[in-house]
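Descriptive structure summary
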Amino acid sequence: IEVGQPCDPLALNRRCEPAGFCAAQEPPMNEQPAEGGPAEFACEAAERECPAEWPVISLNDHPEDDGWSFEGTTENADNLAEGTCGGGSPNQVLSLETADGGFFVCEIDAGGEDTVLYARTFCGARNPAAELVCNDDAPENDLGFQSRIRFYLPPQGSAFIFVDAFGDAALAYTLRCAVDFGVEQ
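**Things to note about the nonpolar core**
Inside soluble globular proteins, nonpolar side chains tend to come together where they are buried. In terms of nonpolar packing, the biggest core is built from 24 residues, with Leu59, Phe151, Ile161 and Leu175 touching the most fellow members. Considering each element in turn, this core owes the most residues, 4 residues, to strand 11 (residues 158-165). In contact with phenylalanine 151, not counting residues within four places along its chain, are Leu96, Gly102, Phe103, Phe104, Cys106, Ala119, Leu132, Val133, Ala159 and Ile161. Listed in part, the 11 residues of the second largest apolar core include Trp54, Cys123, Cys134 and Phe160.

Dropping the structure here:
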């Protein structure tokens with residue numbers, strides 16, 4: 001679907017790739033939103049890459065066993081973004097590119113700190129519709145306050161994974177990502 005054309009984020013016509021993503025459209029400043037009516041959605045243009053001043057670490061440069069692993073810290077990092085589920089602390093951005101596509105799982109070990117992970121296909125887009133997934137505390141309750149995300153990438157796809165935290169915390173962390181075969185990691 002081309003930029004500006006209607007789309008539906010809950011139906012088959014939600015794919016606006018490669019130009020952008022399906023997002024709710026705000027009414028013009030001089031118009032009132034429709035009361036009780038459904039939100040209008042259209043494909044919105046977005047830049048896939050991160051802004052040039054954002055440091056991005058390639059997970060592909062850090063292979064490990066059946067996936068990728070990176071040890072880092074958010075100390076002295078900038079607060080570049082925030083996820084729909086939280087964050088807003090100093091954070092780092094890591095990229096993951098895949099030739100084959102598939103489902104992926106990433107989880108963080110930050111020594112028990114309260115982490116937030118989120119992934120986007122359009123790095124600098126602040127619209128929540130650009131986010132693939134966001135997690136504050138792993139839903140399986142096996143990581144305490146730490147985070148795990150699962151997402152799909154098409155063949156030749158890429159994602160930007162944000163390592164963030166709850167509050168104002170700086171983290172020393174290990175991020176591990178792998179193909180998700182639907183088996184407990």
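Back to the text.
**Notes on the sheet that holds strand 7 (residues 102-109)**
What links the strands of a sheet is backbone hydrogen bonding, and the strands pair in either a parallel or an antiparallel sense. A sheet is described by the order of its strands in space; here 5 strands give the open sequence 4-5-12-7-10, paired in antiparallel fashion. One side of each edge strand has no neighbouring strand; the edge strands of this open sheet are strand 4 (63-64) and strand 10 (148-153). Across 7 bridges, strand 5 (residues 67-73) lies against strand 12 (residues 172-179) in antiparallel orientation. Residue tryptophan 68 lies in a different strand from strand 12, and its bridge partner there is cysteine 177.

**Digging into the side chain of asparagine 135**
Structurally, asparagine 135 is set in strand 9 (residues 131-135). Of the residues examined, asparagine 135 reaches a relative accessible area of 11% and is grouped as buried. The contact partners of asparagine 135, leaving out residues within four places of it in the chain, are Cys85, Thr115, Val116, Leu117, Gln146, Ser147, Arg148 and Ile149.

**Re the environment of glycine 111**
Structurally, the position occupied by glycine 111 is in the loop between strand 7 and strand 8 (115-120). For glycine 111, a relative accessible area of 70% translates into the label exposed. Each C-alpha atom of the pair glycine 111 and glutamine 146 lies 8.7 Å from the other, and the pair is 35 residues apart in sequence.

**Examining the confidence of the model for the protein**
Scored by pLDDT, the protein comes out at a mean of 85, with 87% of its residues at no less than 70. Confidence scores differ between elements of the protein, with strand 1 (residues 20-24) showing the lowest mean pLDDT of 84 and strand 3 (residues 56-58) the highest of 97.

What counts and how
Residues numbered from 1 in each chain as written. Predicted model: local features only at pLDDT ≥ 70, side-chain atom pairs only at ≥ 80, totals over all residues. Heavy atoms only, no water. Core = buried A, V, L, I, M, F, W, Y, C linked by side-chain atoms within 4.5 Å. Buried < 20%, exposed > 50% of the residue type's maximum accessible area, 1.4 Å probe, protein only. Helix = DSSP H or I, 4+ residues; strand = E, 2+ residues; numbered from the N terminus. Contact = heavy atoms within 4.5 Å. Pairing = 2+ DSSP bridges. pLDDT = per-residue confidence, 0-100.

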